[in-house]
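Observations on chain architecture
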Amino acid sequence: LEPGRTPAENEQFLIFVSAMIMAVDRHADKLRASCGNPGNDLRLGANEAPPAIISIFMGDEFTEILEGIAKGKKVENRGQHFVHVGVDSLPQLPKDNTDRNRTSPFAFTGNKFEFRMVGSSASISGPNIVINTIVSEALDEIATRLEKAGKAGLHKEATAIVRDAMKKHGRIIFNGNNYSDGWVAEAKKRGLPNIPTGVEALASMASPEAVKLFEKYKVLSEGELHARYEIYLEHYVKHVNIEARAAVHMVKRQYLPAVIKFTKDLAKTVSELKSAGVPSKVQKGLLGEVSELLELAQEKLVALESSIEKAHAVKDLAKRAEAFRDKVVVAARELRKDIDALEGLTPANLWPVPTYAEMLFKL
């Protein structure tokens, strides 16, 4: 993936870039599956993490060159330092004319592609297995074409391969803001998959298409793929279950008792002020607000416990994982809203764990 300094290296570079474009467009769902875990469901699409829609960032200049090849047009450079490809049918290439689009999940950065969707807790082995397999398939197809073309037609066929890759798979290239609502609509228009959660993403690794691909290159058998699918689903269920039960434990043992103590202090203050004949409107208002949130939190705590029990009762593993995703995660998120609101009202000295402000700004 280095542009290189000789015509042969440049041509090779374009071929390998084409292979990446073909592979990612054909198998975006499998790449997404290789990064399917509960943490990524929360992470993707925020704070410089790429969204769940997979696209390739190539940079405007290099994209223009690839599109020019696809259309059979001569591409004019814009004053950058270029290396010469060496054949009339291929334009000059910029040595490194890419910026750094941090919203892209799969970005070309001068001499490499960066796959940025992998979560920090994940092993890179799974994504590497997928990337190496899907690129191998693309290179296998390309090699067959080049071999059939023979030495005399090699350069012409190389150009045709780049052109065909862009015509059939160029839709995967996107250089804009991957966080924008406009990209979601555009990706749908292009036919790119949008798989927001790990549970549905993982299913693509056990699909007939995946079985055919991984068995063809003797990477994973059908049994191994289905075993991994079940293991990853079990991991998802256990992970969400642990976090949900931890939330229940913390709310029962830490947050509610702390807030109840605060309401007791407030009630005592209101009573003392009333006895002294002093206005207590602010204290009464705060007591009412905290008490209301306390009741809501208790209701949502019960709802979360119920959702955990119901999810565990689902026998089918895939359906159970969906129940944890659609019911338990949602119930925990709703409970958190009230707990966060209570944290903002409860004095820091009564709050049983470090506050967000303390974690962010105090050493």
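First, a word on what this report is: a plain description of the structure on this page. (Residues numbered from 1 in each chain as written. Predicted model: local features only at pLDDT ≥ 70, side-chain atom pairs only at ≥ 80, totals over all residues. Heavy atoms only, no water.)

1. Examining the overall build of the chain
- Along its length, the chain carries 13 helices and 5 strands.
- The C-alpha atoms of the chain give a radius of gyration of 28 Å, which is well past the 21 Å a tight globule of 363 residues would have.
- Viewed in the frame of its principal axes, the chain has a C-alpha envelope of about 100 × 50 × 35 Å.
- Taken across its 363 residues, the chain has 45% of its residues classed as buried.
- Nonlocal contacts in the chain, meaning residues at least 24 apart in sequence, comprise 71% of its contacts between residues at least 6 apart. (Helix = DSSP H or I, 4+ residues; strand = E, 2+ residues; numbered from the N terminus. Rg over C-alpha atoms; globule rule 2.2 N^0.38 Å. Buried < 20%, exposed > 50% of the residue type's maximum accessible area, 1.4 Å probe, protein only. Contact = heavy atoms within 4.5 Å.)

2. Some words on a nonpolar patch on the surface
- A grouping of Tyr356, Met359, Leu360 and Phe361 is seen on the molecular surface, where their side chains present a nonpolar patch of about 510 Å² in accessible area.
- Along the chain, Leu360 falls in helix H13 (residues 356-361).
- The exposure class of Leu360 is exposed, given its relative accessible area of 65%. (Patch = residues over 30% accessible without salt bridge, like charges linked within 9 Å, V, L, I, M, F, W, Y side chains within 5 Å. Areas by Shrake-Rupley, 256 points an atom, 1.4 Å probe, with all protein chains shown as cover. Salt bridge = Lys/Arg side-chain N within 4 Å of Asp/Glu carboxyl O.)

3. Things to note about the sheet that holds strand S4 (residues 106-108)
- An order of S1-S4-S5 is seen for the 3 strands of this open sheet, with the pairing classed as mixed. This sheet does not close on itself; its edge strands, each paired only once, are strand S1 (56-57) and strand S5 (113-115).
- In this sheet, S4 lies alongside S1 in parallel orientation, the contact comprising 2 bridges. Bridging across to S4, Ile56 finds its partner in Phe106. (Pairing = 2+ DSSP bridges.)

4. So, the nonpolar core
- Counting residues in hydrophobic clusters, the biggest one holds 54 residues, and the most contacted among them are Leu31, Met58, Phe62, Leu66 and Phe106.
- In terms of residue count, the dominant contributor to this core is helix H1 (residues 7-26) (10 residues).
- Counting residues in hydrophobic clusters, the runner-up holds 36 residues, among them Val240, Leu266, Ala321 and Ala331. (Core = buried A, V, L, I, M, F, W, Y, C linked by side-chain atoms within 4.5 Å.)

5. Structural notes on the environment of Lys30
- Relative to the elements of secondary structure, Lys30 occurs in helix H2 (residues 28-33).
- For the pair Lys30 and Ser207, spaced 177 residues apart in the sequence, the C-alpha separation amounts to 9.7 Å.
- Leave out the neighbours within four places in its chain, and Lys30 touches Val130, Ser204, Met205, Glu209, Ala210, Leu213 and Phe214.
- There is a polar contact of 3.2 Å between the side chain of Lys30 and the side chain of Glu209. (Polar contact = N/O pair within 3.5 Å; in protein donor to acceptor, adjacent residues only side chain to side chain.)

6. With respect to the side chain of Glu343
- Structurally, the position occupied by Glu343 is in helix H12 (residues 317-345).
- Here Glu343 sits buried without a salt bridge, and the closest side chain of opposite charge, Arg336, lies 7.7 Å off (N-O distance).
- Ignoring anything within four residues of it in the chain, the contact list for Glu343 reads Trp351, Thr355 and Tyr356. (Lys, Arg positive; Asp, Glu negative; His and termini not counted.)

7. Remarks on the environment of Asp338
- Looking at the element boundaries, Asp338 is found in helix H12.
- Along the backbone, Asp338 and Glu295 are 43 residues apart, and their C-alpha atoms lie at a distance of 9.5 Å.
- In contact with Asp338, not counting residues within four places along its chain, are Leu293, Leu296, Ala297 and Lys300.

8. Looking at helix H6 (residues 154-169)
- An ideal rise of 1.5 Å per residue puts 22 Å on 16 residues; H6 measures up with 22 Å between its terminal C-alpha atoms.
- By the burial criterion, the buried members of H6 are Glu157, Ala158, Thr159, Ala160, Ile161, Val162, Asp164, Ala165, Met166 and His169. (Expected span 1.5 Å × (residues − 1).)

9. Description of unusual backbone geometry
- Even without a glycine there, the phi angle at Lys218 is positive, about 55°.
- Mapped onto the elements of the fold, Lys218 is located in the loop between helix H9 (208-216) and helix H10 (222-275).
- On the basis of relative accessible area, Lys218 is assigned to the exposed category, the value being 75%.

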